[in-house]
Amino acid sequence: MFLTYMETVTKELVSWMRGHDSSIFSISVHASGRYAITTSSDTAQLWDLDTFQRKRKLNIRQSVGIQKVFFLPLSNTILSCFKDNSIFAWECDTLFCKYQLPAPPESSSIIYKVFAVTRDGRILAAGGKSNHLHLWSLEATRLFRIIQMPTKIRAIRHLEFLPDSFDAGSNQVLGILSQDGIMRFVNIQTCKLLFEIGSLDEGISSSVISPHGRYIASIMENGSLNIYSVQALTQEINKPPPPLVKVIEDLPKNIPTSGDVKMKMTSGRVLRPARCKEHKTQTRIIKQDLTGNLENKENELSDGLNKKRLQILLKGYGEYPTKYRMFIWRSLLQLPENHTAFSNLLDKGTHVAFLNLQKLYPIKSRKLLRVLQRTLSALAHWSSIFSDTPYLPLLAFPFVKLFQNNQLICFEVVATLIINWCQHWFEYFPNPPINILSMIENVLAFCDKQLLQHFIDHDITSQLYAWPLLETVFSEVLTREEWLKLFDNIFSNQPSFLLMTVVAYSTCSRAPLLNCTLKDDFTYFFHHRNNLDINVVIREAYHLMETTPADIHPDSMLDAFVALTKGQYPVFNQYPKFVVDFQTRERERIRNDELDYLRERQTVENMQAEVDQQRLEDEAWYQKQEELRKAEEARREMLLHEEEKMVQQRQRLAAVKRELKMKEIHLQDAARRHFLKLQQAQHEMELRRLDDEIERKNYTRNQEVFAKEFREDADAYRQKVDFEEDMFHKMIETDQTQTGNAKKVIEEKLAKAEQACLNTDWKIQALHKQKCDDLQRNESYQEMTKLLRKNRRKEVELLNAMMEEEAKKWKEAEEKEFHLRAEKKASSLSDTSRNWFLKQELSAALEHAERPFSKAEESCLRREQKASGSLARTSQLTDISGIDPSTGLPLRRSTAEWDGKKENLLKKVRDLRQRLTAQAQNRHLSQSLLAT
């Protein structure tokens, strides 16, 4: 089960709370609106309405069910009531048990079903299937009062306190809805009945009181909704009822009417209602309001009505007012309203003769069927003859339909009808009342001999034209309004009027009856509605009542009207007791025989069912065995087939294994060959690495020798340059010394007069000479710098040429290595021969690289010898470098040519290095594969 939470404005689903396994019958919300408690028969759950999550769950044993769990008003306490009358109080936040109410006294045995709490949460009222009401003080946790309701109240269905704006929440008036559909409001302090709503005919199914206590909304048993004003109810309590009709005589003021009920109350106990003859100060007179709906007038007594005046009113209008009909009927029949006696009859339950009433009389309305069954059962418990009367349901049904909301009045009306208008009906039981039918036939013979003769001619007896009308009391041939109008007249006259009405119905229909000749037509006529004016029938009945002679008049043979006795119903034994007892015994015997037969048949059916079950089990067993055998054969065939498949699969598996073995051998062979190739390639790569190492070392050694020679040459050149510079400086110094000596000789020869001028000139010349020397020295230094630059350029060209030659050798070595790998399959050269070959090739390459350098050096020396003057050494250096001193260009090849060769040589070296790197990577990959 689940609980849905809807938004009242947008009508959208806010939350869907699950958790209950059975239906929810109670929901209680905390005063703050934050928490809610839902209760089912097996559990109660506490919900947080802010998050719509379940906080706690109350589980109980299956043997003890939950009656109700709810919040106390204006408090933080939860009250849980269980089916064993235990009541616990819990703290809402902590769920700590605050207290438990003690067990109620054993003298007042009651199982709590309904509960009510005052608005201040101090008093708890509890009731159930009993006429006792318990009041608990929740502050003192004790039972402080027990209220005993009237004995006609057997169960309490609902309790609710009536709020008052001036009682500060300590409500004093309690509304009690009992099983009879009447809600009584009692002051719990004075135990006085204040007022009541509802009636036996129009009972209350459920009721609720507005929060301010101004209105009471009640759902009636007939489905209507009544709204009561509490103010109007409390104001109208002590007012006398208005007169029903104008012809009713005024009653003496000092004589209380039968509608006055005195509720004598004592502390903690309510006494039964009693008739009072005078008013007392400590009692309150409650009078029913007779101006309401006429269906509610069935509870009123009619001691003040005058029968003659009612008959005059009936003759004037033809019927009683619909508004007051039920009240007038009760007055005419003088119903005693024996609640206790009727309750005792109902307490005996459904009579065995009417257990299967719905099969004989299928009625759509279950409520109507239930009321009919209870009424017939009460009649059967009242007198045993009614349990065997076949036409009793037909007789009682129209009254049951009319008084379905008040079973007591229905029972008493039917009982009064049987006692007075059905006199002598049961003297010929179980046959129809021949004496009554003879009275009807005598009256018909007196008023219409021709019609009677027509009946006799066509063999139509009174059992065919009179008895159907009597046993159904005209309900089959009249409408509801016609039937009510007819019984207004029947109940207002002597019992013989019913018999006269039967005769009048036939005489008023003499024309169609005289035209009928078939028995089926007569039967249909007296069992269906006909086009007949009921007013004419009633006037004819009155005419027959007045004109029929006394010797054949039914009044002379029927007793006068006798009402039912009060307190207890009279004994009904106007029937042949021996016949009834005999029939009862026979029916009991037949019933016992039938029960024995049913038991035997049940036993035989059980045995037959067991035999059938055994046969079915045997057949099922044999069928199962056959299925098992077939299944076993199928399994065997399946196993054989599977074995054949297995053999084939094994053969295929063996073939696959052989193929896999061959593939494995091939793969191992290929792997071995590949491994050998990898080892061979690794050895080759290792040899190439060693060759490369040897070549690198030889190249490094050659480079070191060349660098050493180059450094020695450079050192010699620098020494030569230093020597030449020193010689140049010495030469200058020698010249300066010689010039100074010459000047000194000249100065000695000049006159002393010119000595100062000569000294000055000499100084000027000396300074000029020094300046010239400085310029020459600068020029020589610039020339030397140019020679050095040209020498460096020549050295670069020489190095490029050497690298070109080396690249050629490397290329030649690669070609030879390629040829060596191609021819390795035929023959393998030894490592010594290959090293010797490489050394010879390397020596040849070095000699080839050194030979041009020697020739260039010899050419430079020859050109140096041809040079002359102060620039001889400079010319020698220029020739060595191979550069023309006049143009600065090489003598044999251009600079661009040398640069191109240099780039080609560098490119070849890079390619060789890339190949060596790739070979090293392949060797490393081969080693990794072999390791894997």
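The structure presented is a predicted model; accordingly, all values stated were derived computationally and were not measured.

Cut-offs used in this document
- Residues numbered from 1 in each chain as written.
- Predicted model: local features only at pLDDT ≥ 70, side-chain atom pairs only at ≥ 80, totals over all residues.
- Heavy atoms only, no water.
- Helix = DSSP H or I, 4+ residues; strand = E, 2+ residues; numbered from the N terminus.
- Buried < 20%, exposed > 50% of the residue type's maximum accessible area, 1.4 Å probe, protein only.
- Contact = heavy atoms within 4.5 Å.
- Areas by Shrake-Rupley, 256 points an atom, 1.4 Å probe, with all protein chains shown as cover.
- Salt bridge = Lys/Arg side-chain N within 4 Å of Asp/Glu carboxyl O.
- Core = buried A, V, L, I, M, F, W, Y, C linked by side-chain atoms within 4.5 Å.
- Phe/Tyr/Trp six-rings, centres within 6.5 Å; stacked < 30°, edge-to-face > 60°.
- Lys NZ or Arg CZ within 6 Å of the ring centre and 35° of its normal.
- Pairing = 2+ DSSP bridges.
- Axes fitted to C-alpha atoms, helices over the stretch in contact; angles between N-to-C directions.
- Expected span 1.5 Å × (residues − 1).
- Patch = residues over 30% accessible without salt bridge, like charges linked within 9 Å, V, L, I, M, F, W, Y side chains within 5 Å.
- Lys, Arg positive; Asp, Glu negative; His and termini not counted.
- Charge placed at Lys NZ, Arg CZ, Asp CG, Glu CD.
- Polar contact = N/O pair within 3.5 Å; in protein donor to acceptor, adjacent residues only side chain to side chain.
- Parallel < 35°, antiparallel > 145°, perpendicular 65-115°, else oblique.
- Left-handed = near helix turned anticlockwise from the far one by under 90°.

Caption draft 1: How the structure looks around the overall build of the protein chain. Counting its regular elements, the protein chain contains 22 helices and 25 strands. Counting the 932 residues in the protein chain, one finds 37% classified as buried. In the protein chain, of all internal contacts separated by at least 6 residues, the share reaching a separation of at least 24 is 59%. Surface exposure of the protein chain reaches about 55400 Å², of which carbon and sulfur atoms provide 54%.

Caption draft 2: Up close: the environment of Ile209. Here Ile209 is to be found in strand 19 (residues 204–209). With 49 residues separating them along the chain, Ile209 and Glu160 place their C-alpha atoms 7.6 Å apart. Setting aside residues no more than four positions away along its own chain, Ile209 makes contact with Glu160, Phe161, Leu162, Pro163, Phe185, Tyr215 and Ile216.

Caption draft 3: Representation of the pattern of salt bridges within the structure. For the structure shown, the criterion picks out 22 salt bridges. Its salt-bridge partner being Asp488, residue Arg325 comes within 3.0 Å of it at the nearest N-O pair. Note that Arg325 is positioned in helix 3 (residues 325–333) and Asp488 in helix 13 (residues 480–491), a separation of 163 residues in sequence. Residues joined in a network through salt bridges with shared partners are Asp120, Arg122 and Glu139.

Caption draft 4: The nonpolar core, seen in detail. Formed by 105 residues in total, the largest nonpolar core has its most connected members in Trp329, Trp382, Phe399, Leu470, Phe474, Trp483 and Phe491. Here the element with the most residues in this core is helix 8 (residues 407–420); it accounts for 10 residues. The contacts of Trp329, once residues within four sequence positions are left out, are Tyr320, Leu402, Phe403, Trp483, Leu484, Phe487, Asp488 and Phe491. Of all hydrophobic cores here, the second largest spans 18 residues; its members include Val114, Ile147, Ile156 and Ile188.

Caption draft 5: Spotlight on the packing of aromatic side chains. A full pass over the atoms with the stated rule returns 31 aromatic pairs. Each residue in the set Phe342, Trp382, Phe386, Tyr391, Phe411, Trp425, Phe426, Trp467 and Tyr569 is aromatic and connected to the rest through ring pairs, giving one cluster. In this structure, Lys68 is placed above the aromatic ring of Phe70, and the distance from its NZ or CZ to the ring centre is 5.2 Å. Sitting over the face of the ring of Phe561, Lys307 holds its NZ or CZ atom 5.9 Å from the ring centroid.

Caption draft 6: Seen up close, the pairing of strand 11 (residues 112–117). Of all the six residues making up strand 11, five are buried; the element is thus mostly covered by neighbouring parts of the structure. As defined by bridge partners, strand 11 adjoins strand 12 (residues 123–128) across five bridges and the pair is classed as antiparallel. By the bridge assignment for strand 12, Tyr112 is matched with Gly128.

Caption draft 7: The sheet that holds strand 9 (residues 87–91), seen in detail. As summarised here, the arrangement of the four strands in space is 7-8-9-10, forming an open sheet in which the pairing is antiparallel. Where the open sheet ends on each side, the last strands, each with one partner, are strand 7 (66–71) and strand 10 (97–100). Put simply, the sheet's adjacent strands are angled 20 degrees from each other on average, direction ignored. Of the strand pairs in this sheet, strand 7 and strand 8 (residues 77–82) are connected by five bridges, and their pairing is antiparallel.

Caption draft 8: Quick look at helix 6 (residues 366–382). With 17 residues, helix 6 extends 24 Å from end C-alpha to end C-alpha; this agrees with the ideal 24 Å at 1.5 Å per step. With 12 of its 17 residues buried, helix 6 lies for the most part within the structure. Where helix 6 is concerned, the buried positions are Leu368, Leu369, Val371, Leu372, Gln373, Thr375, Leu376, Ser377, Ala378, Leu379, Ala380 and Trp382. Each element contacted by the buried residues of helix 6 is listed here: helix 4 (339–347), helix 5 (357–360), helix 7 (392–402) and helix 8.

Caption draft 9: Main features of a positive patch on the surface. A surface patch of like charges, here positive, comprises Lys786, Arg789, Arg792 and Arg793. On the secondary structure map, Arg793 appears in helix 19 (residues 755–822).

Caption draft 10: Seen up close, the side chain of Asp180. Within the secondary structure, Asp180 is located in the loop between strand 16 (173–178) and strand 17 (183–187). Of note is the side chain of Asp180, whose polar atom sits 3.2 Å from the backbone nitrogen of Ile182. A polar atom in the side chain of Asp180 sits 3.0 Å from the side chain of Arg184. Residues in contact with Asp180, not counting those within four places in the same chain, are Ser199 and Leu200.

Caption draft 11: Representation of the packing of helix 6 against helix 8 within the structure. Packing of helix 6 against helix 8 leaves a shortest axis separation of 10 Å and a crossing angle of 50 degrees. When the axis of helix 6 is compared with that of helix 8, the two are oblique. In terms of crossing hand, the pair formed by helix 6 and helix 8 is right-handed. Of the residues in helix 8, those in contact with Val371, Arg374, Thr375, Ala378, Leu379 and Trp382 of helix 6 are Gln407, Cys410, Phe411, Val414, Ala415 and Ile419.

Caption draft 12: Layout of the environment of Ser383. With respect to the secondary-structure elements, Ser383 resides in the loop between helix 6 and helix 7. When its relative accessible area of 2% is taken as the criterion, Ser383 is described as buried.

Caption draft 13: Summary view of helix 9 (residues 434–447). End to end, helix 9 covers 20 Å across 14 residues, agreeing with the expected 20 Å (1.5 Å per residue, within 8%). By the burial criterion, the buried members of helix 9 are Asn435, Ile436, Leu437, Met439, Ile440, Val443 and Leu444.

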